[in-house]
Structures are given as structure tokens and as C-alpha cells.
Amino acid sequence: MTLDWPEWNGWWNRLWFAPSAGRAEALFRIGYGSVLFADLLGLRQNAILYFSNRGVHPSTALDFLYPSTVVESLLVAWLVVVGLLVLGYRARVCAVLNYLFLVYFFGLRGDAASHAPDLLYRSLGFYLMFMQSDRYFSLRARGTAREPAGAPGWPLRLAQLNLASMYWTAGLSKLGDRGWMAGTALRDSLEAPYLTYGTFDWLLPHDALLVTLNYLTIAWELLIPVLLLLPRTRPWAVMSAIVFHAATIVTWRVGWFGELSLVAL
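Every value quoted in this text rests on a predicted model; they were computed, and no experiment measured them. (Residues numbered from 1 in each chain as written. Predicted model: local features only at pLDDT ≥ 70, side-chain atom pairs only at ≥ 80, totals over all residues. Heavy atoms only, no water.)

Draft legend 1. Here's a closer look at the overall build of the protein chain. Across its full length, the protein chain holds 13 helices and zero strands. Written out in order from the N terminus, the α and β elements of the protein chain read α-α-α-α-α-α-α-α-α-α-α-α-α. Intrachain contacts of the protein chain at a sequence separation of at least 6 include 72% that bridge at least 24 residues. For the protein chain, the exposed surface amounts to about 14,500 Å²; the carbon and sulfur share of it is 67%. (Helix = DSSP H or I, 4+ residues; strand = E, 2+ residues; numbered from the N terminus. Contact = heavy atoms within 4.5 Å. Areas by Shrake-Rupley, 256 points an atom, 1.4 Å probe, with all protein chains shown as cover.)

Draft legend 2. Representation of the side chain of Glu 25. As for its position among the elements, Glu 25 is in helix H2 (residues 23-44). The side chain of Glu 25 sits in the buried core without any salt bridge; Arg 157 is the nearest counter-charge, 6.5 Å away. Ignoring anything within four residues of it in the chain, the contact list for Glu 25 reads Ser 20, Met 131, Gln 132, Ser 133, Pro 152 and Leu 156. (Buried < 20%, exposed > 50% of the residue type's maximum accessible area, 1.4 Å probe, protein only. Lys, Arg positive; Asp, Glu negative; His and termini not counted. Salt bridge = Lys/Arg side-chain N within 4 Å of Asp/Glu carboxyl O.)

Draft legend 3. Examining the packing of aromatic side chains more closely. One pass over the full model with this rule turns up 19 aromatic pairs. Plain terms: the ring middles of Trp 220 and Phe 244 are 4.3 Å apart, the flat faces sit at 20° to each other, and that makes the pair stacked. Taken together, the positions of Trp 220 in helix H11 (residues 207-229) and Phe 244 in helix H12 (residues 234-251) put the pair 24 residues apart, joining distant regions of the chain. Exposure remark for Phe 244: the relative accessible area of 24% places this residue in the partly exposed category. In textbook terms, an aromatic cluster arises when at least three aromatic residues are bridged by ring pairs, as seen for Phe 28, Tyr 32, Tyr 50, Phe 51, Tyr 66, Trp 78, Phe 101, Tyr 104, Phe 105, Phe 106 and Tyr 121. Its end group placed over the ring of Tyr 89, Arg 90 keeps NZ or CZ at 6.0 Å from the ring centre. A cation over an aromatic ring shows up here: Lys 174 above the ring of Trp 180, its NZ or CZ 4.9 Å from the ring centre. (Phe/Tyr/Trp six-rings, centres within 6.5 Å; stacked < 30°, edge-to-face > 60°. Lys NZ or Arg CZ within 6 Å of the ring centre and 35° of its normal.)

Draft legend 4. Main features of the confidence of the model for the protein chain. The predicted model of the protein chain has a mean per-residue pLDDT of 86, with 89% of residues at 70 or higher. Per-element confidence in the protein chain is highest for helix H4 (residues 68-87), whose mean pLDDT is 96, and lowest for helix H1 (residues 5-17), whose mean pLDDT is 66. (pLDDT = per-residue confidence, 0-100.)

Draft legend 5. Focus on the pattern of salt bridges. Following the criterion strictly, the structure yields three salt bridges and no others. A salt bridge links Lys 174 to Glu 221, with the shortest nitrogen-to-oxygen separation between them at 3.0 Å. Pair noted here: Lys 174 is in helix H8 (residues 154-175) and Glu 221 is in helix H11, with a separation of 47 residues, a long-range link. Pair check on accessibility: Lys 174 and Glu 221 agree, each one buried. The residue Arg 187 makes a salt bridge to Asp 207 at a minimum N-O spacing of 2.3 Å. Taken together, the positions of Arg 187 in helix H10 (residues 185-190) and Asp 207 in helix H11 put the pair 20 residues apart, joining distant regions of the chain. When salt bridges with common partners are traced through the structure, they connect Arg 187, Glu 191 and Asp 207 into a single cluster.

Draft legend 6. Quick look at the packing of helix H5 (residues 91-107) against helix H6 (residues 118-128). Relative to each other, H5 and H6 sit at 155°, their axes nearing to 9 Å. One element, H5, and the other, H6, form an angle in the roughly antiparallel class. With respect to the hand of their crossing, H5 and H6 are arranged in left-handed fashion. Residue-level contacts link Ala 95, Tyr 99, Leu 102, Phe 106 and Gly 107 of H5 to Asp 118, Tyr 121, Arg 122, Gly 125, Phe 126 and Leu 128 of H6. (Axes fitted to C-alpha atoms, helices over the stretch in contact; angles between N-to-C directions. Parallel < 35°, antiparallel > 145°, perpendicular 65-115°, else oblique. Left-handed = near helix turned anticlockwise from the far one by under 90°.)

Draft legend 7. Structural detail: H11. Relative to the 33 Å expected for 23 residues at 1.5 Å per residue, H11 spans 34 Å between its end C-alpha atoms, a close match to the ideal helical length. Looking only at H11, the buried set comprises Leu 210, Asn 214, Thr 217, Ile 218, Trp 220, Glu 221, Ile 224, Pro 225 and Leu 228. On the buried face of H11, the contacting elements are H8, helix H9 (178-182), H10 and H12. (Expected span 1.5 Å × (residues − 1).)

Draft legend 8. Region of the structure containing a nonpolar patch on the surface. A grouping of Phe 17, Phe 126, Phe 130 and Trp 154 is seen on the molecular surface, where their side chains present a nonpolar patch of about 400 Å² in accessible area. You can see Phe 130 is positioned in the loop between H6 and helix H7 (139-143). (Patch = residues over 30% accessible without salt bridge, like charges linked within 9 Å, V, L, I, M, F, W, Y side chains within 5 Å.)

Draft legend 9. Layout of the environment of Met 239. Tracing the sequence through the fold places Met 239 in helix H12. Of the residues examined, Met 239 reaches a relative accessible area of 43% and is grouped as partly exposed. Taking the C-alpha atoms as reference points, Met 239 and Leu 265, 26 residues apart in sequence, are found 9.7 Å from one another.

Here it is in C-alpha cells:
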């Protein structure tokens, strides 16, 4: 059965412009903000080392923006903004301020301060600015009557496409990696103590299983974007992604990347 142009046009319009109830946006706001808040608490103790002009960064023309006192003060201000974002107080304003802080700390300073979730924080934080994320589970929702109209659906759709593209590009990059294509990359990473917690060291004697999991990882990352976007396969795709990221959290030393990916689902 094929769809003619009016049907495709109707499907396209529903995908991007049908109003959203706002619950998914609210849950995303809370999950995203909670993970970021916990991450920032951990970064705070080494903020001078990571971000200031006295830390690990090579000298740049922007050093004047990063004296130690300014870095410490802005990091505290960022924690306050993210806390208010989780509570849903002035969510739109807090989302914009959060993005500006993301640019200051994770964007302008470059790779010397990066850790696994940085790019995902910024991309998801960008879409959060456009979401109406305070219709539920927020101080605003408690203090005002619920609006009859739904929230715009397109920012949520863009965030979903962003997450899907993350998996797709990860899979594509593995196709150009000799280790992954030879079936040895998963073993190599599990044998690196600075990358893993040793949770799955029991897999190391099982060569055939490791090779199979190596190739299944590539196939999953290439297929999951399509499965996430199709309504019929999305529940199964989400469940597989939950298993994948739960395994990532207990296996790899990648900061809060697994938790952030889970809340983005």
C-alpha cells in the first residue's frame, strides 16, 4: 500500500506541526536538568583546572574571559539556573541562560575541557530553548490554569532527530575504523582499564561472543535511528536503547553520557 501526495503531506504536517501535550517536554526538562546539575557538581571541584586561564587550556585570545574568580562565580550561577530549570521556574528564560553557559564553558574553551556528554548537552540544550516544557511538573503549572492548546511539537521532533543522528554517526564512524571492522575493537576497549570499570571482564575469554557483540553494536547503531522514528517500532527501539545505555553506564568511563542519553529517549 502506498501513500499519495495528500496523504504524505498530511503525515508530514502531523509529524512536525501537530501539537504536543507537553508531558514529554516536561519530563525531558527535568531529566536533562537533573543530569546536568549532577555533572556540574562534580566539575565544580576542578573548575579552575578545567576552565580557567590557569588550567589545562593552551593560551588563546579568549583567556581574558576566564579568570578563576569569574569561572567559579559563573559555575555557581549555572547551578542555580539549572536548578530552577528542573523546578520549571521561568523555564524558557532558564533554558536560554543554560545554553549561554554551555557555550561559555563547553563551547568556547574547546577540546581541552571536553568530556563525553558535552556535545549532547549543547545540542539538546539548544532544542530545549524552543520547547514549551513547563506545562506539567513545574512551578508555573501549579500556579496557573492549564492552557487548552497543546505545546508546539516540532522542537521535540528535532530533538528526537538529533538523538537518532547521534547513533547513526556513531555507527558510520565505526564502518571506517579498522578495529571495529576487524571485530577486535570491543575487546580492545574492554581490556583498557582507563576506559572501563571491569564489569564485563568475564566476556574476555569468549572471543566468538565478543566478535558477535562487536558487529551487533555497529548494526544496532545504524538501524536504531529508523526504528526510533517509526511509530510501530519505536517502543521496541526504546527498550533496546535502555538496555544499551544501562550497559554503557556500568561498563564505560564516559561521565554522564549514558544517563543523558536515557533521559533524551
